[in-house]
Amino acid sequence: MTNSINEIENAEVILVSGSNTTEAHPQVARRMLDAVDRGARLIVIDPRRTRLAECSHLHLALNPGTDIPLLNAMMRVLLDEGLADELFIEMRTENFLALTGVPLPLINQAAQLYGRARKAVICYCLGVTQHVCGTENVQTMANLAMLAGHIEKKDTGVDPLRGQNNVQGACDMGALPNMLPSYQAVHNEDFREKFERAWGARLPEDPGLTLVEMTHGGAQGVIRGMYIMGENPMLSDPTLTKVEETLRGLDFLAVSDIFLTETAQLAQVVFPAACFAEKSGSFTNTERRVQMVRQAVAPPGKCRADSEIIIALANRLGYAMDYDSSAEIMEEIALLAPIYGGIYHDRLDQGWGLQWPCWDRDHPGTPFLHKYYFTRGKGYFMPTSHIEPGEMPDHDYPLLLMTGRIYHQYHTGTMTRKSERLSRESGQALLQINPADARALGLRRGETVRLVSRRGEITLAAEITEQVALGMVYATFHFSDAPINLITNNAFDTGSGCPEYKVCAVRVEKIMTN
Amino acid sequence: MPPAATTDSHLLKKDHLKGFLRKLSKEYRLVAPVRNRHSDVLFTVIDDLDGMEIELTEPPQNSLKQFFLPQQEQLSTYSVTPEGYEFHPTQAIIPPTVYFGVHPCDLSSVLYMDVVFSRRQRDPFYLRRRQGSVLIGINCNFPSPNCFCNATGSGPFIEMGSDLQLTDLGDRFLVETGRAPGHALIKRWQGFFSPAEAKDRAARYQAFLEARGRFSRQVHVEQAIRRLEAGTVPEQVWEDLSLRCQDCGGCAYVCPTCTCFTISDQQRDAVSGQRLRNWDACTFAGFTAMAGGHNPVVAKTAAIRQRFEHKLRDDVRLTGRPSCVGCGRCVGICFGGTDIIRFVERACQGSL
């Protein structure tokens, strides 16, 4: 996020795109709704009529995969109406081009609201990124914010909502194929050398593989051994048949997790990991805030913290890794990762943590980004135009499937499905389907149906609701008994490697008994 | 109101508070609001009187509910025998406990729970925790920003319900004895106490008047109660607030008078298991859902209806007063802006 979460409360206009915020980020939605109570206008771009869309002033129910034309149309309105921030564009950006689009009254209204606001934020989530054109979607969002000049001030910005407590921290620490910690590119010799000196080891010169390149390598893939930590690709990655083939074809698989997941069941070695309450260290959340986590209870049985597992493993593999505490690791992070340069445990111990970039011990942290300059210098208008999803409904597979999450379950359910109470609230996979489509198929509420795509088929119960428009269906990926990723498409954003979970073509079949 | 001249009242110098508590802790388990190292104030079991900081002004984040109705409690274990199920009630030894520093809102809520768990059917699990407990209250000189106990008739000072009731008078506490166990405590450790004089009782009255003037919110609970009884709360209010409810259950969990629970059996192995009681909440869809999926409560339009009607209408009919004690905890915790103050404000809108 370029903003802090609390800044959302102060915005006059909030544009939310591809985010089911009340279900996926309730703490952020709370700020959005508080802002609405104070008079802010809320615009929601989402194909589904989500709870947040119901609370919004404008709901732009776009067709899945058409974010770019929509946002470009909004920019067209800003330009036509003279709402573009020309001074900002001149001073802080380059490569600005007039982008065309389709003017519709609603788009017009949304653009006016966004463009005329003094303080406006954009919040987006996986509905924007999980497309073949995910990178371009984000670039278009940035174009819109730059065009309106909603980026350099407090309470304005572009905010991707990160889904997990520490997914931001994992990226910061170089859990990306092309980056060393602190977004120092692998291909840069100076950066590599810095880490090589600190670690006393040679580092590869080439970027690694993205997640799906690894889990879709096939039985004879180039990767022969894997160590998977806290991830359950056997439920979360697209085209599960391919994932299973790849993992079963490995020479060796080790998994560490707090429960024996579907993925861990395929492993030769499973390390029982400590959970958040059983270890000390720090997490970095969506607003770039690094916060201390303190051990509350001892890990059960032979469970160990992830860092202890990695250290022990490194030593067995012949690399003498020696850290006595997570504080010592933090000191090395401050040494090697400039955006964490001033972040130490003793500072984190006081108050609510620090937001990076935090360059040195005296730096107070950074509540919002891009105040005087962008990371690359000037903001770059990257022209974008519509890119078709990898697969669209056709005669054989007439419905469009989107996948996502529901309130009571978390990701592949490895933790939440252990809770009786959460299972009572949402205990089974549901397929949301529009009443008219359901009528055409002769479905009743809760009826078990077969969902079929070119990749596979599953059975799950129908939830008949106007949340989804005619011709669309929606399901979640939480339930191993109805693994939706047997269905999803094998198409990716070439920029990020992110799978297109949000669009594929399916058919719903009534199951005939007798 | 000024205490009647006959009220049995004493003085306890603040310097002697710790000494008094130390005596109590020899015969009772002691629970009091403690500020922890993250500066949160929580009712905590005091095992080291000198190592803990008792906080009497800022209200604790938790109420006493968890001590009488634990969030999870084992009721029994069971085994499967050839004859069928055999239940073995869980024996719990609850030490006699002094709850010290209880604000009037939390005292009122314990009195309300007593009604819930003993009016028609006596709940042995609740009562065994409640019996042998001693409540030492502290009147609120400084209500917090979310407090509105003045509007629910449960504060800022309380006249009844506690065993001993303290009022902070600067360098000393005025100590009033409510019920027999309070008299016994004073008598047992009478060296700590001296008789209160008329000027001390006058100071208490002055503190009460000043506290009443310190509420930062004006919440018209009584008006909302009347409108609920008259059925004049617009449907739109329920729908708007239900739409905004994010279904986290936080209000019910922090509420000192929300006592809904669910009992479930957890299998340990093929022949044994345990029966547990857990907190639950009427705002959860699963609380009212029937087998087969039908739900008499339509979550989208009525999720929070039961909660507010129960507290502000049904309980008023039953006990003569609302079961909201105005502690304001739900105001601080609510994700959607659908707390009880928002409801009261919406329900009273358009009354002119």
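Quick caveat: nothing in here was measured; it's all calculated off a predicted structure.

S.K.: How do you make sense of the overall build of chain A when you look at a structure like this?
M.R.: When its secondary structure is counted, chain A shows 18 helices and 21 strands. Rg of the C-alpha trace for chain A: 24 Å, near the compact-globule value of 24 Å for 514 residues, within the 12% margin. Taken over the C-alpha atoms alone, chain A extends approximately 70 × 65 × 40 Å along its principal axes. When burial is assessed residue by residue, chain A has 45% of its 514 residues classed as buried. Long-range contacts, defined as pairs at least 24 residues apart, comprise 70% of the intrachain contacts of chain A with a sequence gap of at least 6.

S.K.: How do you make sense of the overall build of chain B when you look at a structure like this?
M.R.: When you go through chain B residue by residue, the secondary structure sums to 15 helices and 13 strands. If you line up chain B on its principal axes, its C-alpha atoms span 65 × 65 × 40 Å. Long-range contacts, defined here as pairs at least 24 residues apart, represent 69% of the contacts in chain B between residues at least 6 apart.

S.K.: Would you mind showing me how to read the sheet that holds strand β3 (residues 58-60) of chain A here?
M.R.: Through backbone hydrogen bonds, the strands of a sheet pair up, either in parallel or in antiparallel fashion. Residue and element names in this part refer to chain A. Pairing in this open sheet of five strands is parallel, and the strands run β3-β2-β1-β5-β6 from one edge to the other. The open sheet has two edge strands, β3 and β6 (157-160), and neither has a second partner. Taking each pair of neighbouring strands and ignoring which way they run, the sheet shows an average axis angle of 15°. Sheet analysis places strand β2 (residues 41-45) next to β3, joined by three bridges and oriented parallel. Counterpart to Ile43 in the pairing with β3 is Leu58. Across the sheet, helix α6 (residues 105-116) touches β1 (13-17), β2, β3 and β5 (120-124), and the angle it forms with β3 is around 125°.

S.K.: Any chance you could explain the interface of chain A and chain B here in plain terms?
M.R.: In many reports, interface size means the accessible area that the parts give up when they come together. Each partner contributes residues to the interface: chain A has 15 residues there, and chain B has 13 residues. Within the residue set of the side of chain A that touches chain B, elements represented by two or more residues are α2 (26-37), α3 (51-54) and α17 (420-425) of chain A. Ranked by the residues each element gives to the side of chain A that touches chain B, the list is headed by α2 of chain A, at six residues. Tallied by class, residues from the side of chain A that touches chain B come to five nonpolar, two polar and eight charged.

S.K.: Even after reading the chapter, I still don't get the domain arrangement of chain B, so can you show me in this structure?
M.R.: Residues and elements named next belong to chain B. Taken as a whole, chain B is organised into domain 1 (9-212) and domain 2 (221-348). The centre of domain 1, based on its C-alpha atoms, is set 26 Å off from the matching centre of domain 2. Taken residue by residue, the interface counts 33 residues in domain 1 and 26 residues in domain 2. Of all elements in the fold, only β5 (72-81), α3 (104-118) and α5 (149-152) reach the threshold of two or more residues within the side of domain 1 that touches domain 2.

S.K.: What exactly am I supposed to notice about unusual backbone geometry here?
M.R.: If a residue is not glycine, its phi is most likely negative; likewise, a peptide bond is most likely trans. Geometrically, the link from Trp356 of chain A to Pro357 of chain A is a cis peptide bond, its omega value of -5° lying close to zero. Structurally, Pro357 of chain A can be placed in the loop between β14 (354-355) and β15 (379-380). In this structure, the amide linkage connecting Gly155 of chain B to the following residue, Pro156 of chain B, adopts the cis form with an omega of 5°. Locating Pro156 of chain B in the fold gives a position in the loop between α5 and β9 (164-168).

S.K.: Could you clarify how one ought to interpret helix α8 (residues 134-148) of chain A in this entry?
M.R.: The α-helix winds at 3.6 residues per turn, so residues separated by three or four positions along the chain end up facing the same way. Residues and elements named next belong to chain A. With 15 residues, α8 should reach 21 Å at 1.5 Å per residue; the first-to-last C-alpha distance of 22 Å fits that figure. Most of α8 sits out of view: 13 of its 15 residues are buried. Looking at the residues trailing α8, positive phi occurs at Gly149, about 70°.

S.K.: Sorry, what's going on with the pairing of β5 of chain A here?
M.R.: For a regular strand, side chains alternate in direction, first toward one face of the sheet and then toward the other. All names here are of chain A. Summarising burial for β5: five of the five residues are buried, a large majority. Both faces of β5 are covered, namely the face carrying Ala120, Ile122 and Tyr124 and the face carrying Val121 and Cys123. As paired elements, β1 and β5 share five bridges and run parallel to each other. From the neighbouring strand, Val13 faces β5, where its bridge partner is Ala120. As judged from the four bridges shared by β5 and β6, these two strands associate in the parallel manner. Of the residues in β6, the one forming a bridge with Tyr124 is Pro160.

S.K.: Can you help me understand the nonpolar core in this one?
M.R.: Soluble globular proteins tend to pack their nonpolar side chains together in the buried interior. Residues and elements named next belong to chain A. Ranked by size, the top nonpolar core spans 59 residues in total, and within it Val13, Ile14, Ile43, Met74, Tyr114, Met141 and Ala145 carry the most contacts. What Ile14 contacts, discounting residues up to four positions off in sequence, is Ile8, Met32, Ala35, Ala40, Leu42, Val121 and Cys123. Met234, Leu240, Leu460 and Ala482 belong to the second largest nonpolar core, which has 42 residues in total.

S.K.: Whenever I open this one, the domain arrangement of chain A confuses me. Can you help?
M.R.: Looking at chain A, the domain boundaries give domain 1 (5-160), domain 2 (167-355) and domain 3 (399-510). Between the C-alpha centres of domain 1 of chain A and domain 2 of chain A there is a distance of 33 Å.

S.K.: Please clarify how the sheet that holds strand β12 (residues 261-269) of chain B should be interpreted in this entry.
M.R.: Residue and element names in this part refer to chain B. Strands sit in the order β6-β5-β13-β12 across an open sheet of four strands; the sheet is antiparallel. Sheet topology places β6 (84-89) and β12 at the edges, where each strand pairs with a single neighbour. Pairwise comparison of adjacent strand axes, ignoring direction, gives a mean angle of 30° for this sheet. For β5 and β6, the ladder comprises six bridges, and the chain directions are antiparallel. The partner of Ser76 across the bridge, within β6, is Pro89.

S.K.: Honestly, the environment of Val115 of chain B in this entry has me stumped. Any pointers?
M.R.: All names here are of chain B. Its place among the elements puts Val115 in helix α3. Residue Val115 is classed as partly exposed on the basis of its C-beta count, with 14 C-beta atoms lying within 10 Å. Considering only alpha carbons, one finds Val115 and Glu222, 107 residues apart in sequence, at a separation of 22 Å.

S.K.: For this particular structure, what's the right way to read the environment of Val16 of chain A?
M.R.: All names here are of chain A. Relative to the assigned elements, Val16 resides in strand β1. The class for Val16 is buried, based on 29 C-beta atoms found within 10 Å. Excluding anything up to four places from it in sequence, Val16 contacts Thr21, Ile43, Val44, Ile45, Leu52 and Cys123.

S.K.: What am I meant to see in the packing of helix α4 (residues 67-80) of chain A against α6 of chain A here?
M.R.: Two quantities define a packed helix pair, namely the angle between the helix axes and the distance between the axes. Residue and element names in this part refer to chain A. The geometry of α4 relative to α6 is characterised by a closest axis approach of 9 Å and an angle of 65° between their N-to-C directions. The crossing of α4 and α6 is right-handed. Across the interface between the two elements, Leu70, Ala73, Met74, Val77 and Leu78 from α4 touch Ile107, Asn108, Ala110, Ala111, Gln112, Tyr114 and Gly115 from α6. Here the residues of the contact of α4 with α6 are counted per class, giving nine nonpolar, three polar and no charged.

S.K.: What's the story with the environment of Glu235 of chain B in this structure? I'm lost.
M.R.: Residue and element names in this part refer to chain B. Within the element layout of this structure, Glu235 appears in helix α9 (residues 235-244). On the basis of neighbour counts, which here come to 10 C-beta atoms within 10 Å, the residue Glu235 falls in the exposed class. Linking Glu235 and Thr301, residues 66 residues apart in sequence, is a C-alpha distance of 9.0 Å.

How each quantity is defined
Residues numbered from 1 in each chain as written. Chains lettered and ligands numbered in written order. Predicted model: local features only at pLDDT ≥ 70, side-chain atom pairs only at ≥ 80, totals over all residues. Helix = DSSP H or I, 4+ residues; strand = E, 2+ residues; numbered from the N terminus. Rg over C-alpha atoms; globule rule 2.2 N^0.38 Å. Buried ≥ 20, exposed ≤ 12 C-beta atoms within 10 Å, placed from the backbone. Contact = placed C-beta atoms within 7 Å. Pairing = 2+ DSSP bridges. Axes fitted to C-alpha atoms, helices over the stretch in contact; angles between N-to-C directions. Nonpolar A, V, L, I, M, F, W, Y, C, P; charged D, E, K, R; others polar. Domains from an automatic or database assignment. Expected span 1.5 Å × (residues − 1). Core = buried A, V, L, I, M, F, W, Y, C linked by C-beta atoms within 7 Å. Left-handed = near helix turned anticlockwise from the far one by under 90°.

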